[in-house]
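Residues per chain are reported as follows:
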Amino acid sequence: AAPLVISVSTALSAKYGLLIRKRPQFERARNIDAVIFDKTGTLTEGTFGVTDIESFSDMDENTILTHAATVENDSEHPIATGILDEASERNLELHELSDFNSITGVGIEGTIDGRNVKVVSPGYVAQQNIDFDDARFNEWSGQGKTVVFLMIDEELSGAVALADKIKESAKETVAELHKRNIRAIMLTGDNRKVADYVAEQIGIDEVYAEVLPNQKAEKVAEIQERGLVVAMTGDGINDAPALTRADVGIAVGAGTDIAMDSADIVLVDSNPKDILAIFSLSKRTYNKLV
Ligand code: ADP
Ligand code: MG
């Protein structure tokens, strides 16, 4: 039996762009009840563009963007890349930064000119009991935009909205999962409104939003406790423990090395549709053997 499995799985990497790292997990893939998707970079392209900038202070748009870009300069988060691209397009010159620190699942901070500057999530701002322009925020996040806030010495100075693109292949994948009676679940660190918007566009059955990176694996375990055999797909460092926890951990290729190392299977082409091929091929390979 073994030669068949080996020849099938070798052929797969070439034909479907799959890298099968662990064979027992590939075998389990034929019995999946639910797929848990990370949002950014898996269901969406993961490339953010700045769409709006709002000031809550005497700073103008470019000043807000310059401060935000300075703090984001050493971050590899897709939000950081979006902000830095916009700053560079506007030819803005960044400030000197010291005491750079990333706050996991929340944002990033540093010191500019002796002042503490943060770029953080709406959830963080809400926790500080700071009032902000709900109307603007609701409008943007209702359109599926990710909003981050600029805080200087704990005062709210401005907001930046960024848009990502939903992958057409994500919609097609979820429709096909439904045909096969497999649930589609989203697990994201992003804001609830954005998550709901994206989920609705794609046809996702269940959404967990504002989940901190260290809670992602726990959420996977909770879903498993319902008696579901689950596959988890993600691309970020944050997703590594959740990928390990899932019955089948699938890394989306363009992501980080850490996510790849924790994965049982890697989607080399970053196309969520290749998940369907994994399930079909696992069935075809192993149903023949037992
Ligand atoms: P995801 O599930 O989308 O990968 P993350 O855990 O990476 O979520 O991030 C969750 C939230 O934390 C983001 O939506 C954003 O609000 C905030 N955040 C994380 N990193 C950064 C950063 N470098 N700059 C700004 N905001 C960030
Ligand atoms: Mg991510």
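None of these values were measured; they are calculated from a predicted model. (Residues numbered from 1 in each chain as written. Chains lettered and ligands numbered in written order. Predicted model: local features only at pLDDT ≥ 70, side-chain atom pairs only at ≥ 80, totals over all residues.)

Overview of the overall build of the protein
As a reminder, the rule being used: A helix here means a DSSP run of H or I that spans at least four residues, while a strand means a run of E at least two residues long, and both kinds are numbered starting from the N terminus. To sort residues by exposure, count the other C-beta atoms lying within 10 Å of each residue's C-beta; 20 or more gives buried, 12 or fewer gives exposed, and values between give partly exposed, all with C-beta atoms placed from the backbone. We call two residues in contact when their backbone-placed C-beta atoms lie within 7 Å.
Regarding its fold elements, the protein presents 13 helices and 13 strands. Along the first, second and third principal axes, the C-alpha set of the protein runs to 70 × 30 × 30 Å. Expressed as a percentage of the 290 residues in the protein, the buried residues total 44%. Taking all contacts inside the protein whose residues are at least 6 apart in sequence as the whole, residues at least 24 apart take part in 62%.

Overview of the site of ligand 1
The criterion, for reference: As a rule, any residue with its backbone-derived C-beta atom within 6 Å of a molecule or strand is reported as near that molecule or strand. In this classification, Asp, Glu, Lys and Arg are treated as charged, Ala, Val, Leu, Ile, Met, Phe, Trp, Tyr, Cys and Pro as nonpolar, and every other residue, Gly included, as polar. Bear in mind that the domain bounds are from an automatic or database domain assignment.
Looking at ligand 1, there are 22 residues lining it, with Thr40, His77, Gly107, Ser121 and Gly189 nearest. Among the elements of the structure, α3 (39-43), α5 (78-89), β5 (107-112) and β7 (146-152) are those that each provide at least two residues to the shell around ligand 1. Here the residues of the shell around ligand 1 are counted per class, giving seven nonpolar, 11 polar and four charged. If you count residues domain by domain, the shell around ligand 1 takes at least three from each of domain 1 (2-45 + 165-287) and domain 2 (49-163).

Let's talk about the sheet that holds strand β13 (residues 265-267)
Definition in use: By definition, two strands form a pair when at least two bridges between them are found by DSSP. Note on method: axes are straight lines fitted to C-alpha atoms, helices fitted across the in-contact stretch only, with angles between N-to-C directions ranging 0 to 180 degrees.
Ordered by their spatial adjacency, seven strands build an open sheet running β1-β13-β12-β11-β2-β9-β10, and the pairing between neighbours is mixed. Single-partner strands in this sheet number two, and they are β1 (18-20) and β10 (206-208). Adjacent strand axes in the sheet meet at a mean angle of 20 degrees, parallel and antiparallel pairs treated alike. Bridge count between strand β11 (residues 230-234) and strand β12 (residues 248-252): four bridges; the pairing is parallel. Residue Gly234 lies in a different strand from β12, and its bridge partner there is Ala251.

Some thoughts on the pairing of β12
The condition is simple: Classification remark: right-handed applies to a crossover when, strands pointing away from the viewer, the course from the first strand over the helix to the second runs clockwise.
Counted residue by residue, β12 has five buried out of five residues, so it is predominantly covered. Burial along β12 is two-sided: Val248, Ile250 and Val252 and Gly249 and Ala251, pointing in opposite directions, are all buried. Regarding the hand of the β-α-β motif, the stretch spanning β11, helix α11 (residues 240-245) and β12 is right-handed.

Details of helix α8 (residues 168-179)
The following threshold applies: Given the number of residues in a helix, its expected span is that number minus one, multiplied by 1.5 Å. The reported arc concerns the directions from the helix axis to the C-beta atoms and nothing else.
For α8, spanning 12 residues, the distance from its first C-alpha to its last is 17 Å, which sits close to the expected 16 Å at 1.5 Å a residue. Listing the buried residues of α8 in full gives Ala170, Thr173, Val174 and Leu177. On an axial view of α8, the arc spanned by its buried residues comes to 95 degrees, and they lie on one face. Exposed residues lying more than 90 degrees from the buried face of α8 are Glu168, Ala175 and Lys179. Buried residues in α8 make contact with β2 (34-38), α3, β9 (183-187), α9 (192-202) and α13 (274-287). Asn181 lies just past α8 and shows a positive phi near 65 degrees.

With respect to α5
Over its 12 residues, α5 extends 17 Å from the first C-alpha to the last, a length consistent with the 16 Å expected when each residue adds 1.5 Å. Tucked into the core, α5 has its buried residues touching α3, β3 (49-55), α4 (61-72), β7 and β8 (155-163). Just downstream of α5 lies Asn91, where phi reads positive at about 55 degrees.

Things to note about the pairing of β7
For β7, a buried count of six out of seven residues is recorded, marking the element as mostly surrounded by other parts of the structure. Strand direction decides the pairing type here: β7 and β8, joined by seven bridges, are antiparallel. Each bridged residue has a counterpart across the sheet, and for Met151 the counterpart in β8 is Leu156. Hairpin connection between β7 and β8: a loop of two residues separates the two successive antiparallel strands, and Asp153 in this loop has a positive phi of roughly 45 degrees.

A few points about the domain arrangement of the protein
Domain annotation for the protein reports domain 1 (2-45 + 165-287) and domain 2 (49-163). With 12 residues of domain 1 in contact, the opposing surface of domain 2 contributes 12 residues. Mapped onto the side of domain 1 that touches domain 2, the elements with two or more residues apiece are α3 and α9. With four residues, the single largest contributor to the side of domain 1 that touches domain 2 is α9. The residue inventory of the side of domain 1 that touches domain 2, partitioned by class, reads five nonpolar, four polar and three charged.

A few points about the packing of α4 against α5
What counts here: Angles are sorted into four bins: roughly parallel if under 35 degrees, roughly antiparallel if over 145, roughly perpendicular if 65 to 115, and oblique for all others. Handedness of a helix crossing follows the sense of rotation of the near helix relative to the far helix, less than a right angle counterclockwise being left-handed and clockwise being right-handed.
At their nearest, the axes of α4 and α5 sit 9 Å apart, and the two run at 130 degrees to each other. One way to sum up the angle between α4 and α5 is to call them oblique. Crossing handedness for the pair α4 and α5: left-handed. Residues Leu65, Thr66, Ala68, Ala69 and Glu72 of α4 form the contact with α5, whose participating residues are Ala80, Ile83, Leu84, Glu86 and Ala87. When its residues are assigned to classes, the contact of α4 with α5 shows seven nonpolar, one polar and two charged.

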